[in-house]
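# Understanding the architecture of this molecule
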Amino acid sequence: MEQSSRNKRIYIVYGILTVLVIAGIIASICIGSVRIEPLELMKILFKGEGPDKSRSIIMNIRLPRMLMTCILGGGLAVSGFLLQTYFSNPIAGPYILGISSGSKMVVALVLIFIVGKKGTTSGLMLVTAAFIGALLATSFIILISTRVRNMAALLAAGIMIGYICSAITDFLIAFADDSDIVNLHSWSQGSFSGASMEGAITCIFIVGFALIMVLILSKSLDALRLGESYARSVGVNVRLARVLIILLSSLLAACVTAYAGPVSFIGIAVPFLMRQSMCSSKPIVLIPASFLAGAVFCMFSDIIARSLFAPMEINISAVTSLFGAPIVIFMIIRRRKRHEA
């Protein structure tokens, strides 16, 4: 009876998420300085009919941006879920642990010293640079975790690593030539304003590959959440599983940072909300749900960021922090009460 009730809850949550994703897609394309009606959108997308101006806005600006917020928001939430599984802590996430800041630092180095001199770049170059930065930051966190067993101290160390990487990035930006590096400051704060269809396609392939690998890894993740001893007893190669978790979470966080800069709190808040909503800890259930919820969170945050003070656009991290930080505070309070009980 309890299992039936839980399954019903899962189906309801998935249904709500599907509706919200569709609503987010339509709203992302229709809302802007030039308003486009949903019927006009359908004609342009499915029949190729409509004003040239509207068609240009949709195909060159809003559709790529919608795709990137959807794909990267979902990827960031899955990255957070993987890190929370690895560290067995719901407050672990790519932004809190300094992984996004490490990616940002290496991407800034590439943009200033390679792109600034040669004048050319590619999405794969930026993703590779961000991936290297993410792995560097994660390696430091893992190294510290071998010496520090207290999770609060480990999270504090991750925050300090993030501050160090952000400080180095700020120094680089301060001395960068603005004429050579377009929108570097805006990107460093988190923004999807530079979205392009080429970048969106690259993101779809990278995040799609990573998501498939994470789903393949879901049985190992399910065993790991019950402890390493249990995972070994059911035949899981714990060392390989942990390496794959770090590589995949770093790749997902790196892809987001490379194209949009660091985006805060999605990686922490979304997996927590999905656990609470579905009353489940099973990775095969939570991974797709986290992806969909991350996409919804990121799409609607981006709509607010570019519409609230239009035509001026605020950084998306300001919006995600506004909604995500209270959730994290609630998580900490709830966790503390549970320990006291």
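Worth saying up front: this structure is predicted, and the values here are computed from it rather than measured. (Residues numbered from 1 in each chain as written. Predicted model: local features only at pLDDT ≥ 70, side-chain atom pairs only at ≥ 80, totals over all residues. Heavy atoms only, no water.)

Here the focus is the overall build of the chain. The helix and strand tally for the chain stands at 14 helices and 0 strands. Seen in sequence order, the chain has helices and strands lined up from the N terminus as α-α-α-α-α-α-α-α-α-α-α-α-α-α. The C-alpha atoms of the chain give a radius of gyration of 20 Å, which matches the 20 Å a tight globule of 341 residues would have. Its C-alpha atoms give the chain principal-axis dimensions of roughly 60 × 55 × 35 Å. (Helix = DSSP H or I, 4+ residues; strand = E, 2+ residues; numbered from the N terminus. Rg over C-alpha atoms; globule rule 2.2 N^0.38 Å.)

Counting across every chain of the model gives 3 aromatic pairs. Both rings, one in Tyr-86 and one in Phe-87, keep their centres 4.9 Å apart while their planes meet at 70 degrees; by these two values the pair is edge-to-face. Residues Tyr-86 and Phe-87 agree in their burial class; the two are buried. When the ring of Phe-272 is compared with that of Phe-330, the centres are 6.1 Å apart and the planes differ by 65 degrees; the resulting orientation is edge-to-face. In this pair, Phe-272 is assigned in helix α12 (residues 266-278) and Phe-330 in helix α14 (residues 316-340), connecting sequence segments 58 residues apart. (Phe/Tyr/Trp six-rings, centres within 6.5 Å; stacked < 30°, edge-to-face > 60°. Buried < 20%, exposed > 50% of the residue type's maximum accessible area, 1.4 Å probe, protein only.)

You can see Ser-280 is positioned in the loop between α12 and α13 (283-307). Polar contacts involving the side chain of Ser-280 include one to the main-chain amide nitrogen of Lys-282, which spans 3.2 Å. Residues contacting Ser-280, with those up to four places away along its chain left out, are Arg-275, Val-285 and Leu-286. (Polar contact = N/O pair within 3.5 Å; in protein donor to acceptor, adjacent residues only side chain to side chain. Contact = heavy atoms within 4.5 Å.)

This part takes up the state of the cysteines. Taken as a whole and judged by the stated rule, the model has 0 disulfides. With no disulfide partner, Cys-70 has as its closest neighbouring cysteine sulfur the one in Cys-298, 8.8 Å distant. The exposure class assigned to Cys-70 is buried, which follows from its relative accessible area of 12%. Here Cys-255 is not cross-linked by a disulfide; its sulfur's nearest cysteine counterpart is in Cys-203, at 3.9 Å. (Disulfide = S-S within 2.5 Å.)

So, about the confidence of the model for the chain. Low-pLDDT stretches of the model should not have their predicted coordinates read in fine detail. Per-residue confidence for the chain gives a mean pLDDT of 84, with 90% of residues at or over 70. For the chain, the element scoring lowest by mean pLDDT is helix α7 (residues 184-189), at 67; α13 scores highest, at 94. (pLDDT = per-residue confidence, 0-100.)

Okay, a nonpolar patch on the surface next. A grouping of Met-42, Leu-45, Phe-46 and Met-59 is seen on the molecular surface, where their side chains present a nonpolar patch of about 380 Å² in accessible area. In terms of residues, the nonpolar patch owes the most to one element, helix α2 (residues 38-47), which gives 3 residues. Secondary-structure assignment places Met-59 in helix α3 (residues 52-87). (Patch = residues over 30% accessible without salt bridge, like charges linked within 9 Å, V, L, I, M, F, W, Y side chains within 5 Å. Areas by Shrake-Rupley, 256 points an atom, 1.4 Å probe, with all protein chains shown as cover. Salt bridge = Lys/Arg side-chain N within 4 Å of Asp/Glu carboxyl O.)

This next bit is on unusual backbone geometry. Backbone geometry at Phe-265 places phi at a positive 70 degrees, although glycine is not the residue there. Along the polypeptide, Phe-265 turns up in the loop between α11 (238-260) and α12. For Cys-279, which is not a glycine, the phi torsion comes out positive at approximately 50 degrees. Inspection of the secondary structure assignment puts Cys-279 in the loop between α12 and α13. Using a relative accessible area of 41% as the deciding quantity, one classes Cys-279 as partly exposed.

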